[in-house]
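Structure at a glance
Here are the chains, one letter per residue:
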Amino acid sequence: MEKVKRISGSIVSMPVNDIDTDQIIPARFLKVTDKQGLGKAAFCDWRYLEDGETPNPEFVLNRPEYRGASVLIAGNNFGCGSSREHAPWALLGAGFKAVISTDFADIFRNNALKNGLLPIIVDADTQQQLFSLAEEDPSTSVSVDVDAQTLTLPDGRAVSFPLDGFAKYCLLNGVDQLGYLLALDDEVSAYESGHPQRVMTTA
Amino acid sequence: MSQNGRPRTLFEKVWNTHIVREQSADAPAVLYIDLHLVHEVTSPQAFSMIRDRGLKVRRPDQTIGTMDHSTPTTPRNELGIIPVADAMAAKQLDTFTKNCDDFGIPMYALGDEHQGIVHVIGPEQGLTQPGMTIVCGDSHTSTHGAFGALAFGIGTSEVGHVLATQTLLQNRPHTMAVNVEGKLGEGVTAKDIILAVIARIGIGGGTGHVFEYRGEAIRSLSMEGRMTVCNMSIEGGARAGMVAPDDTTFEYIQGRQHAPQGADWDAALARWRQLPTDDGAAFDQEISLRADELIPMITYGTNPGMGMPIDAAVPAPEDERDINRKIALEKALAYMDLAPGQQLLGKAIDVVFIGSCTNSRITDLRQAAQFMQGRKVADSVRMMVVPGSQQVKRQAENEGLHEIFRAAGAEWREAGCSMCIAMNGDQLQPGQYAVSTSNRNFEGRQGKGGRTFLASPLTAAASAVAGSVTDPRAMLAGLN
């Protein structure tokens, strides 16, 4: 994973609650065996008209003034539903580096952090302010300091956001969690010798 | 009572016995995983990750694979083969076979007598047992909590972690007691309980929590019913849902292929009887429902939290005070092409789907078949019945259920996830309405532009016969 220390970019808003992972990437795109090229499937059923190819001119990501936006402002409870890690892969593929909401579904948040996509939790007032800013001025940018855990708004106000200390360490240092777990090999072996195996699938 | 005197919850007991390294200020807990279930959709990138690093699967003997999501459910051809129509799905299935072969993981391929939906096969083979930790790259892993296991869905990176280390980094979740007291009325089922719970707390209401379902109505459910309830915990935002193991649990497990035997059985039973939450143990949150006040439930919107009693009217956005919720409801009703105040009873439907990891087990099929006996699917409706596993399918066929479905005009298909996730060609056409026993009514979930009403197998069967959304209790009364 690449290091993620600072993020800055223009914002785009989807003021819709409970955007589920079937909207972020519909299941028919899950037949892949790698992670590449999923950006074009992001929000596919909202982004394209019924033929699946013609961009829906009303969908916010298709509006030229929001092209290049890298910070998504979403309604409450973003990423609910399936465990598919294809959701953060698709969002990263579509150019997003962070998603801002009042809260995130647990599995999505875990998956996002493991891929360097930052889920930023803000209060409802900040969320509404960002919705308005994005609508009024599509060039609005925000910046994020991962170490300081702050989101800086265009008016200079810095909003703190929670971030699990371990996830932060991994983001700042570009560390993935598998390396950490592999280093615990002796502890895992000790656990295994102290606890009888519950089921044996190969039996 | 717990060893140190402090009363503990079922969750705490399972969590505490699986800690490899305690949670600290610097890092989440490292949790040991007893059973890892893998399927073709969320595993290929995880296998690539461990292959790229030259790693092995640490415990192939605690891992099991099955094909379910992208497998066809069309009947076998004259060679006895179930043909995969789609080249990408075929490649994914081939990749899965190779990955399981290369790493020594037992796997049930398409056509195997044990193949089926991952959350159906674990319990039916006795692999799912009380007090275990169970994970899978699938959010409905919560199903296995019905046995008093701690079971939850994980992402593909985490699938890689478990393959390589048999552990996971996890922050300790909060607990929520979901009390369902009283007795269910006739025609009201486990599915109606969980749809009512989710309608109450909302789709994000359980985020960060593990549910424990408690109370007389839960205790009275069969294991299949408890699995239906736990399955949809994730639709309330909870990653896991649990039910304390009891004699119903033990009777279900005993004698199954991977169940402990002889002295091991006695030892396991003694251990399992210690698992239920101690009297006086505290939960972080608690909610209560009365089972005797429930009637069949149905969803009207585009997430499982948008559910209501089947005789209720679709809510109006203008009654919603929260602006975000108002917008979400407007969007949902536009997608569903429903009007505020409209009754769903009598609403014409196109498809009925009975299946999915929520409602494809033998008791679900029996319930639906009993209802369909001597009745016909309405001419305007396509009814698909998709058993959860090959084993369920054989059992149903031994009981003659398939003949009842076929005589009624329903399709009897091979096992798999099918139209719940619409990856395998089983899907709604744009604009169609379905009454579905699955777990998600998200936009496009059952096919692009398709519209889903989630309900119980009984409600689904009654609606298939009537050709429109129907309260099964009216027809049950007529029958009796």
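The rules we used
- Residues numbered from 1 in each chain as written.
- Chains lettered and ligands numbered in written order.
- Predicted model: local features only at pLDDT ≥ 70, side-chain atom pairs only at ≥ 80, totals over all residues.
- Heavy atoms only, no water.
- Buried < 20%, exposed > 50% of the residue type's maximum accessible area, 1.4 Å probe, protein only.
- Helix = DSSP H or I, 4+ residues; strand = E, 2+ residues; numbered from the N terminus.
- Pairing = 2+ DSSP bridges.
- Contact = heavy atoms within 4.5 Å.
- Buried area = accessible area lost by both parts, 1.4 Å probe.
- Salt bridge = Lys/Arg side-chain N within 4 Å of Asp/Glu carboxyl O.
- Polar contact = N/O pair within 3.5 Å; in protein donor to acceptor, adjacent residues only side chain to side chain.
- Nonpolar A, V, L, I, M, F, W, Y, C, P; charged D, E, K, R; others polar.
- Expected span 1.5 Å × (residues − 1).
- Arc of directions from axis to C-beta.
- Phe/Tyr/Trp six-rings, centres within 6.5 Å; stacked < 30°, edge-to-face > 60°.
- Right-handed = clockwise from strand over helix to strand, strands pointing away.
- Axes fitted to C-alpha atoms, helices over the stretch in contact; angles between N-to-C directions.
- Parallel < 35°, antiparallel > 145°, perpendicular 65-115°, else oblique.
- Left-handed = near helix turned anticlockwise from the far one by under 90°.

**Some words on the pairing of strand β1 (residues 6-14) of chain A**
Residues and elements named next belong to chain A.
- Judged by how many residues are buried, β1 sits mostly within the fold: 7 of 9 residues are covered.
- Of the strand pairs in this sheet, β1 and strand β5 (residues 141-145) are connected by 5 bridges, and their pairing is antiparallel. Its bridge partner lying in β5, I7 is registered against V144.
- Where β1 lies against strand β2 (residues 71-74), 4 bridges are found, and the strand directions are parallel.

**A closer look at the interface of chain B and chain A**
- Residue-level contacts link 80 residues of chain B with 65 residues of chain A.
- Approximately 6000 Å² of surface area, both sides summed, lies buried where chain B meets chain A, with 55% of it carried by carbon and sulfur atoms.
- Counting every contact that joins chain B to chain A gives 9 salt bridges.
- A salt bridge links D45 of chain A to K448 of chain B; its shortest N-O distance comes to 4.0 Å.
- Linking chain B with chain A are 33 residue pairs in polar contact (both at pLDDT 80 or more).
- Among the elements of the structure, β1 (19-21), β2 (29-32), α2 (44-52), β4 (63-66), α3 (87-103), α5 (156-165), β8 (167-170) and α11 (323-336) of chain B are those that each provide at least two residues to the side of chain B that touches chain A.
- Its residues assigned to classes, the side of chain B that touches chain A shows 31 nonpolar, 30 polar and 19 charged.

**What to know about helix α5 (residues 124-136) of chain A**
All names here are of chain A.
- Taking 1.5 Å of rise per residue, 13 residues should cover 18 Å, and α5 covers 18 Å from first to last C-alpha, within 8% of that figure.
- Those residues of α5 lying buried are T126, Q127, L130, F131 and A134. Down the axis of α5, the smallest arc covering the buried residues is 145°, so these residues share one side. Of the residues in α5, the exposed ones pointing more than 90 degrees away from the buried face are D125 and E136.
- For α5, the side-chain oxygen to backbone nitrogen distance between the N-cap and D125 is 3.1 Å, and the N-cap itself is D123.

**Observations concerning helix α6 (residues 190-201) of chain B**
All names here are of chain B.
- Counted at 1.5 Å a residue, the expected span for α6 with its 12 residues is 16 Å, and the 17 Å between its end C-alpha atoms agrees.
- Of all the 12 residues making up α6, 10 are buried; the element is thus mostly covered by neighbouring parts of the structure.
- Listing the buried residues of α6 in full gives A190, K191, D192, I193, I194, L195, A196, V197, I198 and I201.
- Directly after α6, the chain includes G202, whose backbone phi takes a positive value near 85°.

**Overview of the packing of aromatic side chains**
Residue and element names in this part refer to chain A.
- Counting across every chain of the model gives 16 aromatic pairs over all chains.
- Between F78 and F104, the ring centres sit 6.2 Å apart and the planes meet at 80°, which makes this aromatic pair edge-to-face. In this pair, F78 is assigned in the loop between β2 and α3 (86-93) and F104 in the loop between β3 (98-101) and α4 (106-114), connecting sequence segments 26 residues apart. Comparing F78 with F104, the two get one shared label, buried.

**Brief notes about the pairing of strand β15 (residues 351-354) of chain B**
Residues and elements named next belong to chain B.
- Of the two faces of β15, the one holding V351 and F353 and the one holding V352 and I354 are both buried throughout.
- Sheet analysis places β15 next to strand β16 (residues 382-385), joined by 4 bridges and oriented parallel. Looking across to β16, one finds that V351 is bridged to R382.
- This β-α-β element, β15 to helix α12 (residues 362-372) to β16, shows right-handed connectivity.
- Sheet topology places β15 next to strand β18 (residues 433-436); 3 bridges connect them, and they run parallel. Looking at the pairing, F353 lines up with S436 of β18.

**Some thoughts on the packing of α3 of chain A against α4 of chain A**
Residues and elements named next belong to chain A.
- Interhelical geometry of α3 versus α4 gives an angle of 50° and a closest axis separation of 8 Å. Between α3 and α4, the angle is such that the two are oblique. For the crossing formed where α3 meets α4, the hand is right-handed. In contact with A87, P88 and L91 of α3, α4 contributes F108, N111 and A112.
- In terms of residue class, the contact of α3 with α4 is made up of 5 nonpolar, 1 polar and no charged.

**A look at the side chain of N110 of chain A**
- Position of N110 of chain A relative to the elements: it lies in helix α4.
- Assessed through its relative accessible area of 17%, N110 of chain A is described here as buried.
- Filtering out sequence-adjacent residues up to four positions away, N110 of chain A remains in contact with E158 and R239 of chain B.

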